[in-house]
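# Structure assessment
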Amino acid sequence: YKRQLQQYLRVGLMYMLVHSLIAGADLLWQALKRQQQQQLELMQAQQHNQEFKLQLLQQQLDPHFLFNNLNVLSVLIHKSPEQAEQFLDHFADIYRYQLQQGSKTLVPLTDELAFAQQYMALLAQRFPASFQLQIHIEPKQQANYQLVPCCLQLLLENAVKHNSASAEQPLLIQLELQQNQLIVRHPLRPKAFAQPGTGTGLTNLSERCLALLGKPIDVIQNDEFIVKVPLQHNV
């Protein structure tokens, strides 16, 4: 009888042990599921926050662009209606590009370079022969890369805003590729009475590049002003 009781006890203990293991495994599984759900919710919240932040950064570009060019157009209307009409055509093309591409995360480098040339045509009406653009990138190379939209608009605007240029001494802006980066460079010629910049535009661009490409822009100032913009290579 004693041996039979011991056997019952062993079976009972084994049953309790197995039951405890099953219950423990179930609790562990439930805990892991809750942890995974919390991590997923956190990732989704971070993604939504990043998307919202990115939308705010992109929206900051529009008022600056709009104000500058409407101000120029207002002057041209009184000075030369014909020039004003040409300027308005270029302005409409550029603004259309911004509306179409500005909301995208990345755009082809080919499109940005074409936009830069349109923008220079706009500048040519404001400052005849004062600014020149040289693109040292082969068309085949252009097709291999993407970048954040409207970045060249910002960099060209900065060049015009902060540097002196004239038909006699034009400012040469050069674009080239270097180690999966778009290099934008021009001589540094600070305007004598220019208002100091806030750096908001470059900070904005750097944050967008960091958010979308994992790398900020790099700015170098010596006798030249150089901005290195990260690119995404098409697979």
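Residues numbered from 1 in each chain as written. Predicted model: local features only at pLDDT ≥ 70, side-chain atom pairs only at ≥ 80, totals over all residues. Heavy atoms only, no water.

## As for the sheet that holds strand E3 (residues 145-147)
Note: strands within a sheet are paired through backbone hydrogen bonds, in either parallel or antiparallel orientation. The test is simple: Note on pairing: DSSP must find at least two bridges between two strands before they are called paired. Helix and strand definitions here come from DSSP, where helices need a minimum of 4 consecutive H or I residues and strands a minimum of 2 consecutive E residues; each element is numbered from the N-terminal end.
Spatial ordering of the open sheet is given by E1-E3-E8, a layout of 3 strands whose pairing is antiparallel. If you trace the sheet from one side to the other, it starts and ends with strand E1 (107-108) and strand E8 (232-233), each paired once. Of the pairings in the sheet, the one linking E1 to E3 comprises 2 bridges and is antiparallel in character. Counterpart to Pro-108 in the pairing with E3 is Gln-146.

## Looking at the state of the cysteines
This is how it is decided: What counts as a disulfide here is a pair of cysteine sulfur atoms lying within 2.5 Å. To sort residues, take the accessible area from a 1.4 Å probe on protein chains only and compare it with the maximum for the residue type: under 20% means buried, over 50% means exposed, and anything in between is partly exposed.
Evaluation of the coordinates by the stated rule reveals 0 disulfides. Looking at Cys-151, it has no disulfide partner, and the nearest cysteine sulfur is the one in Cys-209, 6.5 Å off. Using a relative accessible area of 0% as the deciding quantity, one classes Cys-151 as buried.

## Points about the packing of helix H3 (residues 81-101) against helix H4 (residues 109-126)
Operational definition: To get an axis, a line is fitted to the C-alpha atoms, and for a helix only the part in contact is used. The angle between two axes follows their N-to-C directions and goes from 0 to 180 degrees. What sets the label is the angle itself: under 35 degrees gives roughly parallel, over 145 gives roughly antiparallel, 65 to 115 gives roughly perpendicular, and the rest give oblique. Each helix crossing is assigned a hand: it is left-handed if the near helix lies turned anticlockwise from the far helix by less than a right angle, otherwise right-handed if that turn is clockwise. Contacts: residue pairs with any heavy atoms within 4.5 Å of one another.
Close contact between H3 and H4 brings their axes to 10 Å; oriented N to C, the two are set at 155 degrees. It follows from the interaxial angle that H3 and H4 lie roughly antiparallel. In the packing of H3 onto H4, the handedness of the crossing is left-handed. Listed contacts from H4 to Gln-83, Gln-86, Phe-87, His-90, Phe-91, Asp-93, Ile-94, Tyr-97 and Gln-101 of H3 are Asp-111, Glu-112, Phe-115, Gln-118, Tyr-119, Ala-121, Leu-122, Gln-125 and Arg-126.

## Side note on unusual backbone geometry
As a rule of thumb, non-glycine residues mostly have phi less than zero, and peptide bonds are mostly trans rather than cis. The residue Cys-150 is not glycine, and still its phi comes out positive at about 65 degrees. Along the chain, Cys-150 turns up in the loop between E3 and helix H6 (151-162). A positive phi angle, close to 50 degrees, is found at Gln-179, a residue other than glycine. By secondary structure assignment, the location of Gln-179 is in the loop between strand E4 (171-177) and strand E5 (181-187). The exposure class of Gln-179 is exposed, given its relative accessible area of 72%.

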